[in-house]
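Summary of the model geometry
Here are the chains, one letter per residue:
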Amino acid sequence: MGCFWFFVLCFLRLCGANVTELVGMFGKFQSPNYPEGYPSDTDITWNITVPLGFHIKLYFMHFDLEPSYLCEYDYVKITSGDMLETFCGRESTDTEKIPGQDSVFSFDNSMTVLFKTDFSNEERFTGFEAHYAAIDVDECKEKLDESSACDHFCHNYIGGFYCSCRFSYILHSDNRTCKVECSDNVFTERSGIVSSPDYPNPYPKSSDCLYRIELEDGFVITLDFTGIFDLEDHPDVLCPYDYLKIKAGMKEFGPFCGDKSPGKIATNSSRVQVLFHTDDSGDNRGWKFAYTSVGNPCPVIQPPLNGKVEPVLEIYSFKDQVQIRCNVGFKFVKGGDEVEAYQIECLKSGTWSSGIPTCKVIDCGTPLPLEDGFITFRSKDNLTLFGSRINYSCNALFYRMDPDLNTTYTCMENNFWVNDELGTDLPTCHPVCGEPRIQRPSIQPKIAQGRVVSRGSSPWIAMLSKNGIPFCGGSLIGKEWVVTAAHCLHLPSDPDNPEQIDSVLINITSFKVILGRQKTLRKEETEQEYHAKNIITHPRYNGSTFEYDIALLELPSKVKMMDYIMPICLPESSTSTLHTGDMVIVSGWGKQFLHSIPETLMEIEIPVVDHNQCKEVYSQLGRQVTDDMICAGLKEGGSDACQGDSGGPMVAVDEETNRWFLGGTVSWGDGCGEDNRYGVYSDVSKSLKWIQNITKIKNI
Ligand code: ARG
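Residues numbered from 1 in each chain as written. Predicted model: local features only at pLDDT ≥ 70, side-chain atom pairs only at ≥ 80, totals over all residues. Heavy atoms only, no water.

1. With respect to the pattern of salt bridges
We count it as follows: Salt bridges, as used here, are contacts in which a Lys or Arg side-chain nitrogen is within 4 Å of a carboxyl oxygen on Asp or Glu. A run of H or I in DSSP becomes a helix once it reaches four residues, and a run of E becomes a strand once it reaches two; helices and strands are each numbered from the N terminus. Exposed residues in this analysis have more than 50% of their type's maximum accessible area, buried residues have under 20%, and partly exposed residues fall in between, with area computed by a 1.4 Å probe over protein chains only.
For the structure on display, the rule yields 31 salt bridges. Notably, a salt bridge pairs Asp64 with Arg90, separated by 2.7 Å at the nearest N-O pair. Residue Asp64 is located in strand E4 (residues 54-64), and its partner Arg90 is located in the loop between strand E6 (83-87) and strand E7 (104-105); the two are separated by 26 residues in the primary sequence. Take Arg90: its relative accessible area is 45%, and that puts it in the partly exposed class. When the shortest N-O distance is used, the salt bridge between Asp280 and Arg176 registers 3.7 Å. Within this pair, whereas Asp280 is found in the loop between strand E21 (271-277) and strand E22 (288-295), its partner Arg176 is found in the loop between strand E12 (170-171) and strand E13 (178-179), the two being separated by 104 residues in sequence. Through salt bridges with shared partners, a single ionic network connects Glu371, Asp372, Lys479, Lys558 and Lys560.

Okay, here's the thing in C-alpha cells:
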C-alpha cells in the first residue's frame, strides 16, 4: 500500500503539478527528495479530502526544516476551515513551532497542507514525512450550531449521526426537528380550553396545527387568551417564524406572535379555526385560551294564566329549554288530550319552538250515577270542575248507605271524583231490611188458626207459583235473592206423598217467584214477578232427613223496592238468636188444616219450642230433629204451618235493632196443627255463613 501511495505522489510530481489530491481514508506524503535534503523554491500543496462525517488526523514521523523567525524561509502550513497552523525548524522556539508528537486535526472533512521553501537549502535539511487518517466525529457530543443539531435525541455512528424524537413527536423531513401531528383537533363542546402542544413547555418545531371549534349554528364563540403567551417573533417583520391565525367565518384575526397576548376575541361565529405555525427553531412557550359560547337569545316568557314557567332565567338563549306547567287543577289541552307539562326550546333563530298554551281547569265531568241513589252538588251551578264536591246519597225510604261512610267525593287533578276511603269506587245503596213501611194493626184478633196478613206488613214474602197456584213460600233478602226451602225445588218421587223428595231439581222455568202479592190466586198491581236465574241448594241438604232444608234463588235482576216489596234482614250472629218461648211470626199461602188454600196470605204467631222437647216428640215417630232445625208451635196445637207454606219466612224482631229478621224457613211437620206436634223449621242462623258467602248481603 505504502508503495502505491508513493507511486501516486511521484507520479503527480513528475507531471509537474504542484497540487496533489489525496482522497483515501489514510495515507502518507513526504517532502521532495525525502530523506535527502529538499530542493529550494518548492511550492507543493496536498489537498486531503475524506468522506463527509469524518475528520482528518495528521501527524509527522519526521520533521526537519530550516528554522527562521516566524517561519519566513521554509515552512509547512496546514489549513482546514478557520484553522491555521504553521510549522518550521527542528525544535520549537518562541517564534516557531514544530509538530513533534502532536497531531493536527481538521475542522471538517478536508485539510490543505502547503510546503514552501525559499531559494536555498545550504544545510541540507531533510524535510518531513507526514501521515494522515480519516477519524470519526461524534456529532452528538460536538457542539453543532442550532441549524444542524438534533431537536430531541442524537445518535452517532461512524461517519455520521441521525436524530429521533420524544414520544408522540415525529421527525420532520429535515431529519432534525421534531414536529407534532396536530391538524385534526375538533372541539364540539360548548366551552373548553385549547393550548399549544406541551404548553407551557416549549411548543414543537416545524409544525402546522389546526384547531377547529365547531358548534351548532346559533352559538357565538368568544376566545379568551390567558396565561403565558410566547411565540417567536421578529423586531421588524410581522411574525415571520411562528404565528397564530384565527379564522371565524369571513373574519380573520392575527397573525399573532411575540409576548403580547391577544386577550379576548369575540368571533361572532359558531365555527372557529385556529392555525398555529412553527418553524424549525426557537424555544418559546406557546399559548392557551379558554373558549365560551352563548346562543342567540329568545324573548322572556310570560307564564300562562294559572300556570308557571321553569326555570325562571333572566335571559334565555339558544338550546335553553323551559317547562311550562299548569297549576294544580289545571291542564293543557293539546289535540284533544290533556297534558301535564309542556316543554319548549329556544331555537337558533332566537324564537321559541312553540307558543305558550293555555291552562284549562280540570273538569271531572258528570259523576257516575249511583244505583238506587242520587248525587247532590255541593257547589252552585252544579260545577264539576277541579275542587268541586258532590255527595252521593241513597234513595230515602228503601235504601241506605253504610252509616260510617263519608260520601263526599271531590274532583281531583287526575280528573276523577275521589272519596277519602273508597277512592273512585262508588258507595253501595243497600236496601232497607226488616222495617216494613206498613205496620200490622196494633190491635189484632188473636186467631188460633191464624189471621189474614194486612197488606204490606210482611213485604219480604215471596210466592213460588206454578201454573198460577202457589206451592211454596220464600223470603226476599237483599236486592236479588230469595231464601226458600231446598225441598221446594226438588221433584216429589211419589206424587201421593209429597214429603218424599227426590234428588232431581225442578225445572227452573217451571215456576215463578212473585213479590208484592197478597191474594193467593189473584194477580195484584203491586206485584213483581220473576223467573229465577239460578238455584243454589245448601250443600248439606238431605232429602230424606230434611237436614239443611234451605236454598237460594237468584233473581235475574234487581228488585225495585216499594212499600209492598222490601227485604227481611238476615240474623245478626250476635243479637238475633231465638230462644225457647220467643214469639215468631210464620206466614204463607199454605193449606189450612190440610184442607183448602186460603184466599189471602195468612200468618200465625207462635213461640219457639225447646229443642229437646221437639226432638223427643218426633223421635217417638221415628223422625230426627237435628241441630240445623228449630221448632215452633203450641203444645195444644192449632197454629201451625202446613202444606204450601214450606220455604216461607219465620221472622222475629231483633231486640237491639228493632228490625225483623229471618229466623227460619218452613220445612216440615207431622200433619198440621195437631196437638203434641210442632212445626219444624230450618234454622237460618246455622246457614248464615253459607248465605252471606253466596249473596254478599250485609245488613245495614
Ligand atoms: N213440607 C210442607 C210444605 O211443603 C210444610 C210442612 C209444614 N208442616 C207443619 N206441620 N208445620 O209446604
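2. Considerations on the state of the cysteines
Rule in force here: By disulfide we mean two sulfur atoms from cysteines, separated by a distance within 2.5 Å.
If you walk through the whole model with that rule in mind, you get 14 disulfides. A disulfide bridge connects Cys140 with Cys154, and the sulfur atoms are separated by 1.9 Å. Judged by the sign of its S-S torsion, about -80°, the bond between Cys140 and Cys154 is left-handed. You can see Cys140 sitting in the loop between strand E9 (127-136) and strand E10 (153-157) and its partner Cys154 sitting in strand E10, a full 14 residues away along the chain. Under the relative-accessibility criterion, Cys140 is labelled partly exposed at 28%. With its sulfur 1.9 Å from that of its partner, Cys614 forms a disulfide with Cys631. Of note, the bridge from Cys614 to Cys631 carries an S-S torsion of about -70° and is left-handed in sense. Taken together, the positions of Cys614 in helix H2 (residues 611-620) and Cys631 in strand E49 (residues 629-632) put the pair 17 residues apart, joining distant regions of the chain. Each member of the pair Cys614 and Cys631 is classed as buried.

3. Thoughts on the site of the ligand
Keep this limit in mind: Definition of nearness: a residue and a molecule or strand are near each other if at least one heavy atom of the residue lies within 4 Å of the molecule or strand. Whenever a nitrogen or oxygen atom comes within 3.5 Å of another N or O atom, the pair is scored as a polar contact, on the condition that within protein one atom can donate a hydrogen and the other can accept it, and that pairs from neighbouring residues in sequence are kept only if both atoms are in side chains. Surface accessibility in these figures is a Shrake-Rupley result with a 1.4 Å probe; residues are shielded only by whichever protein chains are displayed. As a working rule, the residues Ala, Val, Leu, Ile, Met, Phe, Trp, Tyr, Cys and Pro are called nonpolar, Asp, Glu, Lys and Arg charged, and the rest polar, with Gly in that last group.
Around the ligand, the structure places 16 residues, and the nearest of them are Asp640, Gly644, Ser646, Ser667 and Gly671. With respect to the ligand, the backbone of Gly671 contributes an N or O atom lying 2.8 Å from a nitrogen atom. Across the complex, the protein chains shield 94% of the 350 Å² of accessible surface that the ligand would expose by itself. Of the residues forming the shell around the ligand, the biggest block, three residues, is contributed by strand E51 (residues 659-668). In terms of residue class, the shell around the ligand is made up of five nonpolar, eight polar and three charged.

4. Remarks on the sheet that holds strand E30 (residues 359-361)
The cut-off we apply is this: One requirement defines pairing of two strands: DSSP has to find at least two bridges between them. Angular values range over 0 to 180 degrees, each being the angle between N-to-C directions of two axes fitted as lines to C-alpha atoms, with helices fitted over their stretch in contact.
Ordered in space as E28-E27-E30, the three strands form an open sheet in which the pairing is antiparallel. Edge positions in the open sheet fall to strand E28 (337-339) and E30, since each of these has one partner strand only. Across the sheet, the axes of successive neighbouring strands diverge by a mean angle of 55°, strand direction being ignored. Pairing of strand E27 (residues 330-334) with E30, which is carried by three bridges, proceeds in the antiparallel orientation. Looking across to E30, one finds that Phe332 is bridged to Cys359.

5. Some points on the pairing of strand E32 (residues 389-394)
Here five bridges tie strand E31 (residues 373-377) to E32, and the two strands are oriented antiparallel to one another. Looking across to E32, one finds that Thr376 is bridged to Asn391.

6. So, the nonpolar core
Condition: For this analysis, a nonpolar core means a set of buried residues of the types Ala, Val, Leu, Ile, Met, Phe, Trp, Tyr and Cys, connected via side-chain atoms within 4.5 Å. When checking whether two residues touch, look at their non-hydrogen atoms; a contact exists if any pair is within 4.5 Å.
Counting 50 residues, the largest nonpolar core has Leu489, Phe511 and Leu553 as its most contacted members. Listing elements by their share of this core, those giving two or more residues are E32, strand E34 (408-411), strand E38 (461-466), strand E39 (469-477), strand E43 (512-515), strand E46 (551-554), H2 and E49. Residues within four places of Phe511 in sequence aside, it is in contact with Leu464, Ser465, Phe471, Leu489, Ile506, His531, Ala532, Ile535 and Leu553. Residues Cys165, Cys178, Val180 and Phe219 belong to the second largest nonpolar core, which totals 32 residues.

7. Examining the side chain of Ser475
Along the polypeptide, Ser475 turns up in strand E39. Overall, Ser475 belongs to the buried group, its relative accessible area being 0%.

8. Quick word on the confidence of the model for the protein
Should pLDDT be low for a region, the predicted coordinates there are not to be read in detail. What counts, and what does not: Think of pLDDT as the predictor's per-residue confidence, scored from 0 to 100.
When pLDDT is averaged across the protein, the result is 89; 94% of the residues are at 70 or more. No element of the protein has a lower mean pLDDT than helix H1 (residues 2-14), at 42, and none a higher one than strand E40 (residues 481-484), at 98.

9. Description of helix H3 (residues 684-695)
Where we set the bar: Expected span of a helix, by definition, is 1.5 Å for each gap between consecutive residues, and there is one gap fewer than residues.
Between its first and last C-alpha, H3 extends only 14 Å over twelve residues, short of the 16 Å set by a 1.5 Å rise per residue. Residues of H3 that are buried: Val684, Ser687, Leu688, Trp690, Ile691 and Thr695. Among the structural elements, E39, E40, strand E45 (534-537), E46, E51 and strand E52 (679-683) are those in contact with the buried residues of H3. At the C-terminal side of H3, Lys696 shows a positive phi close to 60°.

10. A few points about empty space enclosed by the protein
Formally: Buriedness for pockets is judged along seven lines, at least five of which must meet protein on both sides within 12 Å for an open set on the 1 Å grid over protein atoms alone, while cavities are sets there where a 1.4 Å probe fits but cannot get out, and lining residues have an atom within 4 Å of a point. Grid points are joined across faces, edges and corners, and a volume is the space filled by probe spheres set on the points.
Taken as a whole, this structure holds two cavities of 30 Å³ or more when the rule is applied. Considered as a void within the structure, the second largest cavity measures approximately 90 Å³ in volume. Looking at the second largest cavity, the residues that line it are Val453, Ser454, Arg455, Gly456, Ser458, Pro459, Ile461, Gly516, Arg517, Gln518, Tyr564 and Leu601. Split into classes, the residues belonging to the lining of the second largest cavity amount to five nonpolar, five polar and two charged.

11. Looking at the side chain of Thr626
Its location among the elements puts Thr626 in the loop between H2 and E49. Ignoring sequence-local partners within four residues, the contact set of Thr626 consists of Glu547 and His611.

12. Observations concerning the sheet that holds E51
One open sheet holds the seven strands; their spatial order is E37-E48-E47-E50-E51-E52-E49, and the pairing between them is antiparallel. Looking at the sheet topology across the chains shown, the edges are occupied by strand E37 (451-452) and E49.

13. Topic: H2
Put simply, the rule is: The arc in question is formed by the directions pointing from the helix axis toward the C-beta atoms.
Among the residues of H2, those classed as buried are Cys614, Val617 and Tyr618. With its buried residues spanning 90° around the axis, H2 presents them on a single face. Projecting away from the buried face of H2 at angles above 90 degrees are the exposed residues Glu616 and Gln620. Its side-chain oxygen placed 3.3 Å from the backbone nitrogen of Asn612, Asp610 serves as the N-cap of H2. A positive phi of about 80° marks Gly622, the residue just after H2.

14. Quick notes on the packing of aromatic side chains
Stated formally: Each pair of aromatic rings taken from Phe, Tyr and Trp, with Trp reduced to its six-membered ring, is defined by centres within 6.5 Å and is described as stacked if the planes are under 30 degrees apart, edge-to-face if over 60, and tilted in the remaining cases. Placement of a positive charge over a ring is assigned whenever Lys NZ or Arg CZ falls within 6 Å of the ring centre and within 35 degrees of the normal to the ring plane.
Evaluated as defined, the whole model comprises 23 aromatic pairs. Summarising the aromatic geometry, the rings of Trp287 and Phe289 are spaced 5.8 Å apart at their centres and angled 15° between planes, so their arrangement reads as stacked. By relative accessible area, which is 1% here, Phe289 ends up buried. Put simply, the rings of Phe29, Tyr38, Trp46, Phe60, Phe63, Phe87, Phe115 and Phe128 touch in pairs and so form one group of aromatic residues. Positioned above the aromatic ring of Tyr564, the side-chain terminus of Arg455 is 6.0 Å from the ring centre. Geometry around Phe471 places Lys466 over its ring, the cationic atom sitting 5.4 Å from the centre.

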